[in-house]
Amino acid sequence: MIFEKANIKDLSALIELRKAYLLEDYGKLSKEKLATIHDNLNVYFKEHLNSDLYVFVCRDMEDVIVSCCFLLITEKPSNPTFLNGRTGTILNVYTKPEYRRKGIAKKLIEILIAEAEKMQLDFVELKSTDSGYNLYKSVGFEDSVEKYHNMKYIINPNNKI
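Here's what I pulled together on the structure shown here. The written sequence of each chain sets the order in which its residues are numbered from 1. Totals for whole chains, interfaces and linings use every residue, but because this is a predicted model, local features are given only for residues with pLDDT of at least 70 and side-chain atom pairs only at 80 or more, for both listing and counting. The basis for every side-chain value is the complete set of heavy atoms in the structure, and neither hydrogens nor water enter the calculation.

1. Digging into the overall build of the chain
Helix and strand assignments follow DSSP, with helices taken as H or I runs no shorter than four residues and strands as E runs no shorter than two, numbered in order from the N terminus. Looking only at helices and strands, the chain features four helices and five strands. Put simply, the chain runs from its N terminus to its C terminus through helices and strands in the order β-α-α-β-β-β-α-β-α. Over its C-alpha trace the chain gives a radius of gyration of 16 Å, about what one expects of a compact globule, namely 15 Å for 161 residues. Principal-axis analysis of the C-alpha atoms places the extent of the chain at approximately 45 × 40 × 30 Å. Taken across its 161 residues, the chain has 32% of its residues classed as buried. Residue contacts are counted whenever heavy atoms from the two residues lie within 4.5 Å of one another. Partitioning the intrachain contacts of the chain with sequence separation of at least 6 by distance along the chain shows that 63% fall at a separation of at least 24. Neither His nor the chain termini are counted; the positive set is Lys and Arg, and the negative set is Asp and Glu. Every charge is mapped onto a representative atom, which is NZ of Lys, CZ of Arg, CG of Asp or CD of Glu. Charge separation in the chain, taken as the distance between the mean sites of 23 positive and 23 negative side-chain charges, equals 3 Å. Using C-alpha atoms as the atom set, the radius of gyration is obtained and then compared with a globule rule of 2.2 Å times the number of residues to the power 0.38. Buried means the residue's accessible area, taken with a 1.4 Å probe over protein chains only, is under 20% of the maximum for its type, while exposed means over 50%, and partly exposed covers the values in between.

Written as structure tokens, this is what we have:
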């Protein structure tokens, strides 16, 4: 297995892994939504890959990407919680089903954390499913309890599942 950062030559594989992740996470999606997601990901990766989005991948011996995780960097005005003003969000931790339970995702997360430390990010955060919770705890993530509530305002009603 080869662990490394993805690059633009991996574009089609990254799009397919993202869609596979979304289908597992959300269940069935309409062909129209999948087509829109595909087109938007194509543009997004071209604009952001290795700029403010880093994708760490594991390739098998045939050079096929079998697992990935995303690190999205955000810059914010400095405050006591993030003095450097740079934080990371982990997204899309996904391993193809036949490669699961082999430690691949854990190794990718450890590589991602090491890279975040080199970038001097203040912290890295994520939202975990129940199935991923123990993995993240095993590499040092802690439950985040804050005085703030996660909220959102939906601008586009078509974004509802």
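Next comes the rest of the description.
2. Observations concerning the environment of Ala105
Counting through the fold element by element, Ala105 comes out in helix α3 (residues 104–118). Residue Ala105 is classed as buried on the basis of its relative accessible area of 17%. In this structure the C-alpha to C-alpha distance between Ala105 and Ile2, which are 103 residues apart in sequence, comes to 13 Å. Once residues within four sequence positions are removed from consideration, Ala105 is found in contact with Ser67, Val93, Thr95 and Leu135.

3. Examining the packing of helix α1 (residues 11–26) against helix α2 (residues 31–48)
To define axes, lines are fitted to C-alpha atoms, for helices over the stretch in contact only, and angles between the resulting N-to-C directions are given on a 0 to 180 degree scale. At a minimum axis separation of 10 Å, α1 and α2 run at an interaxial angle of 135 degrees. Considering their axes alone, α1 and α2 lie oblique with respect to each other. In terms of crossing hand, the pair formed by α1 and α2 is right-handed. Along the contact surface, α1 presents Leu11, Leu14, Ile15, Glu16, Arg18, Lys19, Leu22 and Leu23, while α2 presents Leu34, Ile37, His38, Leu41, Asn42, Phe45 and Lys46. Classification used: nonpolar for Ala, Val, Leu, Ile, Met, Phe, Trp, Tyr, Cys and Pro, charged for Asp, Glu, Lys and Arg, polar for all others including Gly. A breakdown of the residues in the contact of α1 with α2 according to their chemical character gives nine nonpolar, two polar and four charged. Any angle from 65 to 115 degrees is called roughly perpendicular, while one under 35 is roughly parallel, one over 145 is roughly antiparallel, and all others are oblique. Each helix crossing is assigned a hand: it is left-handed if the near helix lies turned anticlockwise from the far helix by less than a right angle, otherwise right-handed if that turn is clockwise.

4. Quick notes on the packing of aromatic side chains
Two aromatic rings are characterised by how far apart their centres lie and by the angle between their planes. When two rings of Phe, Tyr or Trp (its six-membered ring) have centres within 6.5 Å they constitute a pair, described as stacked for plane angles under 30 degrees, edge-to-face for angles over 60, and tilted for the intermediate range. For the coordinates displayed, the defined rule picks out four aromatic pairs. The interplanar angle of 70 degrees and the centroid separation of 6.2 Å between the aromatic rings of Tyr44 and Phe45 together place this pair among those described as edge-to-face. Classification of Phe45 as buried rests on a relative accessible area of 1%. Through a chain of ring-to-ring contacts, three or more aromatic side chains come together here, namely Tyr44, Phe45 and Phe70.

5. Examining α3
For a helix, the expected span equals 1.5 Å multiplied by the residue count minus one. Helix length check: α3, at 15 residues, gives a terminal C-alpha distance of 21 Å against a target of 21 Å (1.5 Å per residue), a fit within 8%. Those residues of α3 not exposed but buried are Ile104, Ala105, Leu108, Ile109, Leu112, Glu115 and Ala116. Summarising the axial view, the buried residues of α3 lie within an arc of 130 degrees, below the 170-degree limit, and thus occupy one face. Within α3, the exposed residues directed more than 90 degrees away from the buried face are Glu117 and Lys118. Elements in contact with the buried residues of α3: β1 (2–5), β2 (53–59), β3 (65–75), β4 (86–95), β5 (124–125) and α4 (130–138). Following α3 by one or two positions, Gln120 adopts a phi angle in the positive range, close to 60 degrees. Here the arc refers to the set of directions running from the helix axis out to each C-beta atom.

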